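Inside the fold
Residue-level listing of the chains:
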Amino acid sequence: MKLHPIDLAIIFAYFAVNTLIGFLVQKRATKELDSYFLADRNVPWWMLGLSGCSSYIDIGGTMSLIGVMFYLGLKSIWITHIFWGWLIICFYMAFQAKYIRRSGVMTFAEWNETRFGATRDAEYARIAAATFLLVLMVFNLMFMAVGTGKFAEEFLPFTRWQSALIVFGVVGIYVTLGGFVGVIVTDVFQTILIAIGAVILSVMAFQEGSGASFVATKDPAWSSLAPTWTLWSGYLKNTPASYSHYYAFGPILLAGFSWLIFRVLAGPNVWDFQFFLTTKSPRDASLAAGTWTVGYTLRWIIACSFLVLGIYHLGAEAAFDAEKIMPLVLKTLPVGMQGLFMAVLLAALMSTLSAMINVTSSVVTNDFLKRYFAKNLTQKQLVRFGQLASVGAIGVGFIFSLSFKDIVSAWETMIFVVVTMILAPATMRWHWWRFGARAFVWSMIVSALIIVLQKILFPEWPISTSLAVATLGSLGVTLLLGFIMEPSEMEVLVKFYSKIRPFGFWKPVRLEAERRGLVPVNDSMPRTDVMNGFITIFFQGALALIPFFLFLRQWNQMYLSLGILVVLSVVLYFTWYKNLPSPEEI
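Rules used throughout
- Residues numbered from 1 in each chain as written.
- Predicted model: local features only at pLDDT ≥ 70, side-chain atom pairs only at ≥ 80, totals over all residues.
- Heavy atoms only, no water.
- Helix = DSSP H or I, 4+ residues; strand = E, 2+ residues; numbered from the N terminus.
- Contact = heavy atoms within 4.5 Å.
- Areas by Shrake-Rupley, 256 points an atom, 1.4 Å probe, with all protein chains shown as cover.
- Axes fitted to C-alpha atoms, helices over the stretch in contact; angles between N-to-C directions.
- Parallel < 35°, antiparallel > 145°, perpendicular 65-115°, else oblique.
- Left-handed = near helix turned anticlockwise from the far one by under 90°.
- Nonpolar A, V, L, I, M, F, W, Y, C, P; charged D, E, K, R; others polar.
- Salt bridge = Lys/Arg side-chain N within 4 Å of Asp/Glu carboxyl O.
- Buried < 20%, exposed > 50% of the residue type's maximum accessible area, 1.4 Å probe, protein only.
- Expected span 1.5 Å × (residues − 1).
- 1 Å grid on protein atoms, 1.4 Å probe; cavity = no way out; pocket = protein on both sides within 12 Å on 5 of 7 lines; lining within 4 Å.
- Points joined across faces, edges and corners; volume = space filled by probe spheres on them.
- Patch = residues over 30% accessible without salt bridge, like charges linked within 9 Å, V, L, I, M, F, W, Y side chains within 5 Å.
- Polar contact = N/O pair within 3.5 Å; in protein donor to acceptor, adjacent residues only side chain to side chain.
- Phe/Tyr/Trp six-rings, centres within 6.5 Å; stacked < 30°, edge-to-face > 60°.
- Lys NZ or Arg CZ within 6 Å of the ring centre and 35° of its normal.

1. Some details on the overall build of the protein
A tally of helices and strands in the protein yields 26 helices and zero strands. Sequence separation of 24 or more characterises 83% of the internal contacts of the protein that already satisfy a separation of 6 or more. Counting every atom, the protein has about 21500 Å² of accessible surface; 69% of that belongs to carbon and sulfur.

See the structure below:
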């Protein structure tokens, strides 16, 4: 199906606006590296929060979300938040955002010098982290290209790879020209567009479809949030192979939970790390994360709307690929509306893509080029190389995407193969004083070997088994190396602890920092951070459940979730907002 010329005009007008933003902010963004990659560390918290809302909403992820909602029902909440790790967002709000901003660095890899000191081992740790991030960003870009192509091939007059290449090209222009300033400005514009689209979609879903009739055709377990060891007996009958592994629901959750613990404690390791570095202060970073956590609900509203509209237009039984509900529903919309929602969904995609490209070029420029190969270049010249790195990242990610067809397969390959190798080492960096730079490097290497060997020797293992083995194996190696190898110097550790004030196993360092008067005696803030972490879990969960119950018109459950949300909001006002860092802290 080809779009009407009016719809195509709306889409190309949207492309033109984003490209224009890149040209308009180019002069400010390319002054120097801090301007290009961190927007001069002067981004208002509300802009960063809005930017984060759209940067975590993409076409591929939303299509796979709708798919897992269609097949698993309410139990998809467990998969997305625990098995896929989406619960990490609320931990940004609870404590991670302020921890990151207090470090004052420019990149994820550079942070290692703050934690481990300026030693040769710390340099190796920086190289290891930068290399990991480059590989992860390529996989992220690959995942994005797979989702873009699968979405576009339904109705655009281009092939899958041509459509992905066009979108990547437009994003590449405004990111390459505008740097992080361009990313933030376009993301705010895109979040507003996504919010407008979510409202319109919600109205349409309520007017045209009712989830109640669909629920009546499903097994009662579909509409139950209660976890079970296996899913209902008829689950595998109409479920494609890419979603069939969820039948072993209990083992999946147990493996996912063990993985999630390290996912949330390790902190962000992609573009979100850099996002929080651009704020004016740790307080602003926390406020941005809070806005991000609440605004992320837009993704659930859009997904629930498309789910209900898909059931109404396409039927309750999956005689189609449920990952394609979104583009299939778009085909049923009138002229003009198709173009508008194509722009909305492309906004979601492009905001995520732009952040990935900016971070990738930042790593190449700051952690490799500037540090090892081009020490005498001017700031302007380094920015130009950063722009070239953006173009290179787009090309490599696009090429890798040609080897995947299913979105969920690309997603799970990325998070469970690539991300897992750093989770236990990254957790110990934040929360265990004895974990040194050499232990970090070798635990990453051995963790990667465990994952690769397991994929080669035991490829038939179910994902629950392979994930549990990879996670626990990495943890065991990380702890062993942490005890065997030397920690960082006490001077470095005291400086890090007194500046960041993380919770965890820091007693010898904390006592020394207290003795020097650098932190309060019996500081309660680390304990408060842990408490807020637990509270925000239920806060984010309620935010996700409300749209689900609303669109399925399960009013009692919706009112209960809304009541829980209100109570937790009041609690967080006293435990989180009242304990935010001082506005004077820079």
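2. A look at the packing of helix 5 (residues 59–72) against helix 16 (residues 297–314)
Interhelical geometry of helix 5 versus helix 16 gives an angle of 55° and a closest axis separation of 9 Å. Between helix 5 and helix 16, the crossing angle belongs to the class labelled oblique. Relative to helix 16, the crossing made by helix 5 is right-handed. Packed against helix 5, whose contacting residues are Gly-61, Thr-62, Leu-65, Ile-66, Met-69 and Phe-70, the element helix 16 presents Arg-299, Trp-300, Ile-302, Ala-303, Cys-304, Phe-306, Leu-307 and Ile-311 at the interface. Within the contact of helix 5 with helix 16, the residues separate by chemical class into 11 nonpolar, two polar and one charged.

3. Quick notes on the side chain of Ser-488
Positionally, Ser-488 belongs in the loop between helix 22 (463–484) and helix 23 (490–500). The contacts of Ser-488, once residues within four sequence positions are left out, are Arg-115, Phe-116, Gly-436 and Leu-493.

4. Description of the pattern of salt bridges
Taken as a whole, this structure holds nine salt bridges when the rule is applied. Among the salt bridges present, the one from Arg-126 reaches Glu-113, with a minimum N-O distance of 4.0 Å. Here the residue Arg-126 occupies a position in helix 9 (residues 120–152), and Glu-113 occupies one in helix 8 (residues 111–116), the gap between them amounting to 13 residues. Given a relative accessible area of 5%, Arg-126 falls into the buried group. The residue Arg-516 makes a salt bridge to Glu-491 at a minimum N-O spacing of 3.1 Å. Of this pair, Arg-516 sits in the loop between helix 24 (507–515) and helix 25 (525–551) while Glu-491 sits in helix 23, and the two are 25 residues apart along the sequence.

5. Digging into helix 16
An α-helical segment advances 3.6 residues per turn. Residues three or four places apart therefore align on the same side. Taking 1.5 Å per residue, 18 residues should reach 26 Å; helix 16 reaches 25 Å between its end C-alpha atoms and fits that length. Among the 18 residues that make up helix 16, 14 are buried, leaving the element largely enclosed by the rest of the structure.

6. Re the layout of surface pockets
Its volume calculated, the largest pocket comes out at about 750 Å³. In terms of lining, the largest pocket is formed by 27 residues, of which the most central are Ile-82, Leu-87, Phe-534, Ile-537 and Phe-538. Sorting the residues of the lining of the largest pocket by element identifies helix 6 (76–83), helix 7 (88–103), helix 13 (249–266), helix 25 and helix 26 (555–575) as the ones contributing at least two each. A per-element tally of the lining of the largest pocket places helix 25 first, with nine residues. Here the residues of the lining of the largest pocket sort into 22 nonpolar, five polar and no charged.

7. Overview of the packing of helix 7 against helix 15 (residues 282–295)
Between two packed helices, what matters for the description is the angle formed by their axes and the separation of those axes. Two elements in contact, helix 7 and helix 15, have axes separated by 8 Å at closest approach and are oriented at 155°. Taken together, the axes of helix 7 and helix 15 lie roughly antiparallel to each other. Note on packing geometry: the crossing formed by helix 7 with helix 15 is right-handed. Here helix 7 contributes Ile-89, Cys-90, Tyr-92, Met-93, Ala-97, Lys-98, Arg-101 and Arg-102 to the contact with helix 15, which in turn contributes Pro-282, Ala-285, Ser-286, Ala-289, Gly-290, Trp-292 and Thr-293.

8. Side note on a nonpolar patch on the surface
Taken together, Phe-206, Trp-555, Tyr-559, Leu-562, Val-566, Val-570, Tyr-573, Phe-574 and Tyr-577 make up a surface patch of nonpolar side chains, about 870 Å² in accessible area. Ranked by residues supplied to the nonpolar patch, first place goes to helix 26 with seven residues. Note that Trp-555 resides in helix 26. The partly exposed category is assigned to Trp-555, whose relative accessible area is 36%.

9. With respect to the side chain of His-431
Following the sequence through the fold, His-431 ends up in helix 20 (residues 407–431). Note on His-431: relative accessible area 5%, which makes it buried. Separated by 3.2 Å, the side chain of His-431 and the backbone oxygen of Leu-265 make a polar contact. When sequence neighbours within four positions are dropped, the list of residues in contact with His-431 reads Leu-265, Phe-503, Gly-504, Phe-505 and Trp-506.

10. What about unusual backbone geometry?
Backbone geometry places Arg-501, a non-glycine residue, at a positive phi of 60°. By the element assignment, Arg-501 lies in the loop between helix 23 and helix 24.

11. A short note on helix 24
By the burial criterion, the buried members of helix 24 are Val-509, Glu-512, Ala-513 and Glu-514. Buried residues in helix 24 make contact with helix 23. Of the residues one or two after helix 24, Gly-517 is the one with positive phi, at around 75°.

12. Details of the packing of aromatic side chains
Scanning the entire structure with this criterion turns up 26 aromatic pairs. Judged by centre distance (5.5 Å) and plane angle (40°), the rings of Phe-95 and Tyr-99 are tilted. In this pair, Phe-95 and Tyr-99 are both assigned in helix 7, four residues apart and thus about one turn of the helix distant. The interplanar angle of 90° and the centroid separation of 5.6 Å between the aromatic rings of Trp-232 and Tyr-235 together place this pair among those described as edge-to-face. Across this residue pair, the class does not change: Trp-232 and Tyr-235 are buried. Pairwise contacts between aromatic rings join Phe-91, Phe-95, Tyr-99, Trp-111, Trp-430, Phe-496, Tyr-497, Phe-503 and Trp-506 into one cluster. Positioned above the aromatic ring of Phe-496, the side-chain terminus of Arg-115 is 5.7 Å from the ring centre. Taking NZ or CZ as reference, Arg-283 lies 5.7 Å from the ring centre of Tyr-577, over its face.

13. As for the environment of Leu-449
By the secondary structure assignment, Leu-449 is in helix 21 (residues 437–457). Through-space distance from the C-alpha of Leu-449 to that of Met-421 is 8.8 Å; in sequence the pair is 28 residues apart.

14. Remarks on the environment of Tyr-372
Among the structural elements, Tyr-372 can be located in helix 18 (residues 337–373). Residue classification places Tyr-372 among the partly exposed positions, given a relative accessible area of 30%. Ignoring sequence-local partners within four residues, the contact set of Tyr-372 consists of Glu-123, Ile-127 and Asp-367.

15. As for the environment of Asp-529
Here Asp-529 lies in helix 25. Asp-529 sits in the buried class, given a relative accessible area of 0%. Distance from Asp-529 to Thr-575, taken between C-alpha atoms, is 8.8 Å for residues 46 residues apart in sequence. Setting aside anything within four residues of it in sequence, one finds Asp-529 in contact with Ala-94, Phe-95, Lys-98, Tyr-99, Arg-501 and Phe-503. A distance of 2.9 Å separates polar atoms of two side chains, one belonging to Asp-529 and the other to Tyr-99.

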